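# Structure assessment
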Amino acid sequence: MDLFEVYKLWDIEPVKGSDTTLWDKDGNIYTDLYGGHAVISVGHCHPHYVKKVQEQAATLGFYSNAVQNSLQKELAAKLGKLCGYDDYALFLCNSGAEANENALKVASFHTGKPKVLAFNKAFHGRTSGAVAATDNPKIQAPFNKTGNIVFAPLNDLAAVEAELSKGDFAAVIIEGIQGVAGIYEPTTEFMQGLRELCDRLSVVLILDEIQSGYGRTGKFFAHQHYGIKADIITTAKGMGNGFPIGGVIISPSIKPSYGMLGTTFGGNHLACAAATAVLEIIEEENLVENAARIGEYFRQELSSDKAVKEYRGKGLMIGLELNEEYIGLRDRLLFEKHFFTGAAGAGVIRLLPSLTVSQETAESFVKAWKELTR
Ligand SMILES: Cc1ncc(COP(=O)(O)O)c(C=O)c1O
């Protein structure tokens, strides 16, 4: 059987990893400043993570959500403490799209309403509700076009108010910082206004922190920079450091009922062990602070670089919009200097490294960048 070819692949095959270093099958060494789409949060094969996952795999890998699982409770308690939403409740699933899918359903069950407002250039995943709220018609099948989603420009409160005032809205869904779009931040004023509007019109505010969360921006969630709280927060990516897991963090004002949500794999024993190990490492090694510190170093070094038209983002969620003559730099960083980075179209390089990235590694990247752009 052949693979269903939906991915355009680099001709590189990583076979081994350690923190921010990767080895390919021919023994070449790379530095990973992308973490496979922001997934690697505590470094490849962190010893504590490996130990916990190995021990759990050798003890009990899986049982269904029909029995008690204290590993889920342990994970929820730890996450609540670290993310500052101690009084919220956690529903566990397997991916980012699935987290958003469940968040949209919860909001719709709670309000009894069908419609959702999302933002221009948003990316929320590829399952039916999540992709409908994603502003990219190329990845929406006719089946996904429900008519229940309305898009508004980011940072345009008047446009949001005009739509929400029409009624029938269950939720607004917004990324803490837009990722796939090319790293675009909402303003504090907009986010505070959005919070007020959602309160006034009884609309659930869903913060998609799948890319911008888990400490990456120098706070646990990016929206915490704007001084607001969300009604529902979705997480995935860095949550399991590569083990598939997603989470929906739900306000106590939204009540569950048996059967409202469900999943076979979500919150399984192995996933919980992986996710708890990630939180232990984040706490033990002060990785949220490291993300802020190394992010600040990148900003100082690269924001006024001559290749950079605009430096966007916070902490280790970085978008480098390139001046025209430097388009192609990402390939050169990979093939000439062996740095993995990400992209948003041809003109924006995205850095989404592990939160463990060291000052030394950051300096080696800046040196390589300057050598290629001088
Ligand atoms: C903000 C955001 N939401 C949702 C998703 C979807 O996550 P997943 O690919 O795990 O379904 C992504 C993935 O890039 C994302 O960046």
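Look up a bit, the structure's there.
Residues numbered from 1 in each chain as written. Predicted model: local features only at pLDDT ≥ 70, side-chain atom pairs only at ≥ 80, totals over all residues. Heavy atoms only, no water.

### Regarding helix α11 (residues 359-373)
Worth spelling out the cut-off: Only runs of H or I of at least four residues qualify as helices and only runs of E of at least two qualify as strands under DSSP, and these elements are numbered from the N terminus. A helix is expected to span 1.5 Å for every residue after the first. Any residue under 20% of the maximum accessible area for its type is buried, any over 50% is exposed, and the rest in between are partly exposed; the area is computed with a 1.4 Å probe on protein chains only. An arc is given here, and it is the one of the directions from the helix axis to the C-beta atoms.
Over its 15 residues, α11 runs 21 Å from end to end, which matches the ideal 21 Å to within 8%, given 1.5 Å per residue. Among the residues of α11, Thr361, Ala362, Phe365, Val366, Ala368, Trp369, Leu372 and Thr373 are the ones counted as buried. Looking straight down α11, one finds that the buried residues subtend no more than 160 degrees of arc, so they occupy a single side. Counted as exposed and oriented over 90 degrees from the buried face of α11: Glu360 and Lys367.

### With respect to the site of the ligand
Note the cut-off: Residue proximity to a molecule or strand is established when one non-hydrogen atom of the residue lies within 4 Å of it. What qualifies as a polar contact is a pair of N or O atoms within 3.5 Å, subject to a donor-acceptor requirement within protein and to the restriction that residues adjacent in sequence count only when both atoms come from side chains. Throughout, the Shrake-Rupley method with a 1.4 Å probe supplies accessible areas, and for residues the shown protein chains are the sole cover considered. In this count, Pro and Cys sit with the nonpolar residues alongside Ala, Val, Leu, Ile, Met, Phe, Trp and Tyr, while Asp, Glu, Lys and Arg are called charged and the others, Gly among them, polar.
Around the ligand, the neighbouring residues are Ser95, Gly96, Ala97, Asn100, Phe123, His124, Gly125, Glu175, Asp208, Ile210, Gln211 and Lys237. Taking Gly96, its main chain carries an N or O atom lying 2.8 Å from an oxygen atom of the ligand. At 3.5 Å from a nitrogen atom of the ligand is found a main-chain nitrogen or oxygen belonging to Phe123. For the ligand, the accessible surface in isolation is 390 Å², of which the surrounding protein chains cover 80%. In terms of residue count, the dominant contributor to the shell around the ligand is helix α4 (residues 96-111) (three residues). Looking at the shell around the ligand residue by residue, the classes come out as three nonpolar, six polar and three charged.

### With respect to the pattern of salt bridges
Rules: A carboxyl oxygen of Asp or Glu within 4 Å of a side-chain nitrogen of Lys or Arg is what we treat as a salt bridge.
One pass over the full model with this rule turns up 16 salt bridges. The salt bridge involving Lys51 is made with Glu55; its shortest N-O contact spans 3.3 Å. You can see Lys51 and its partner Glu55 sitting in helix α2 (residues 47-57), four residues apart, about one turn around the helix. Given a relative accessible area of 49%, Lys51 falls into the partly exposed group. Taking relative accessible area as the criterion, Glu55 reaches 43% and is therefore assigned partly exposed.

### Describing the sheet that holds strand β8 (residues 204-208)
Our working rule: Pairing between strands is defined by DSSP: at least two bridges between them are needed. Here the axes come from fitting lines to C-alpha atoms, over the contacting stretch only for helices, and the angles between their N-to-C directions go from 0 to 180 degrees. Contacts were defined at the residue level, with two residues in contact if any of their heavy atoms lie within 4.5 Å.
Read from one edge to the other, the open sheet built from seven strands follows the order β4-β10-β9-β8-β7-β5-β6, with strand pairing classed as mixed. Strands at the two margins of the open sheet, each flanked by one partner only, are β4 (89-93) and β6 (149-152). Neighbour to neighbour, the strand axes of the sheet diverge by 20 degrees on average, direction disregarded. Across the sheet, helix α6 (residues 157-164) is in contact with β5 (115-119), β6 and β7 (169-175); its angle to β5 comes to roughly 170 degrees.

### Let's talk about the nonpolar core
Rules: To qualify as a nonpolar core, a set must consist of buried Ala, Val, Leu, Ile, Met, Phe, Trp, Tyr and Cys residues joined through side-chain atoms within 4.5 Å. For the purposes of this description, domain bounds are those given by an automatic or database domain assignment.
Leu194, Phe298 and Trp369 are the most contacted members of the largest nonpolar core, which totals 83 residues. Summarising the domain contributions, this core has at least three residues from each of domain 1 (14-46 + 286-373) and domain 2 (48-284). Formed by 22 residues, the second largest nonpolar core is a distinct cluster that contains Phe91, Cys93, Ile232 and Ile250.

### Thoughts on the side chain of Arg195
With respect to the secondary-structure elements, Arg195 resides in helix α7 (residues 188-200). On the basis of relative accessibility, which here comes to 12%, the residue Arg195 falls in the buried class. With residues near it in sequence (within four places) discarded, Arg195 still touches Leu205, Ile228, Lys229, Ala230 and Asp231.

### Brief notes about the sheet that holds strand β2 (residues 21-24)
Across a sheet, strands are paired by hydrogen bonds formed along the backbone, either parallel or antiparallel in direction. Strand order in this open sheet of four strands is β1-β2-β3-β13, and the pairing throughout is mixed. Both outer strands of the open sheet, β1 (14-18) and β13 (339-340), are each paired with one neighbouring strand and no more. Examined bridge by bridge, β1 and β2 share four bridges and lie antiparallel to one another. Each residue of the ladder has a partner; that of Ser18, found in β2, is Thr21.

### Concerning the side chain of Asn290
Locating Asn290 in the fold gives a position in helix α9 (residues 287-302). Taking the relative accessible area as the measure of exposure, Asn290 reaches 11% and is therefore buried.

### So, α2
Looking only at α2, the buried set comprises Tyr49, Val53 and Gln56. Buried positions in α2, seen along its axis, are confined to an arc of 65 degrees and lie on one side of it. Opposite the buried face of α2, by more than 90 degrees, sit the exposed residues Pro47 and Gln54. Against α3 (70-83) and α8 (269-284) lie the buried residues of α2.

### Some words on the packing of α6 against α7
To keep things clear, this is the line we draw: Our angle categories are set so that under 35 degrees counts as roughly parallel, over 145 as roughly antiparallel, 65 to 115 as roughly perpendicular, and the remainder as oblique. The crossing is said to be left-handed when, going from far helix to near helix, the turn is anticlockwise and less than a right angle, and right-handed when the turn is clockwise.
Orientation of α6 relative to α7, taken along the N-to-C sense of each, is 15 degrees, at an axis distance of 10 Å. With respect to their mutual orientation, α6 and α7 come out roughly parallel. Considering only the axes of α6 and α7, their crossing is right-handed. Judged by residue contacts, Leu157, Val160, Glu161 and Leu164 of α6 engage Phe190, Gly193, Leu194, Leu197 and Arg200 from α7. Of the residues belonging to the contact of α6 with α7, the class tally is six nonpolar, one polar and two charged.

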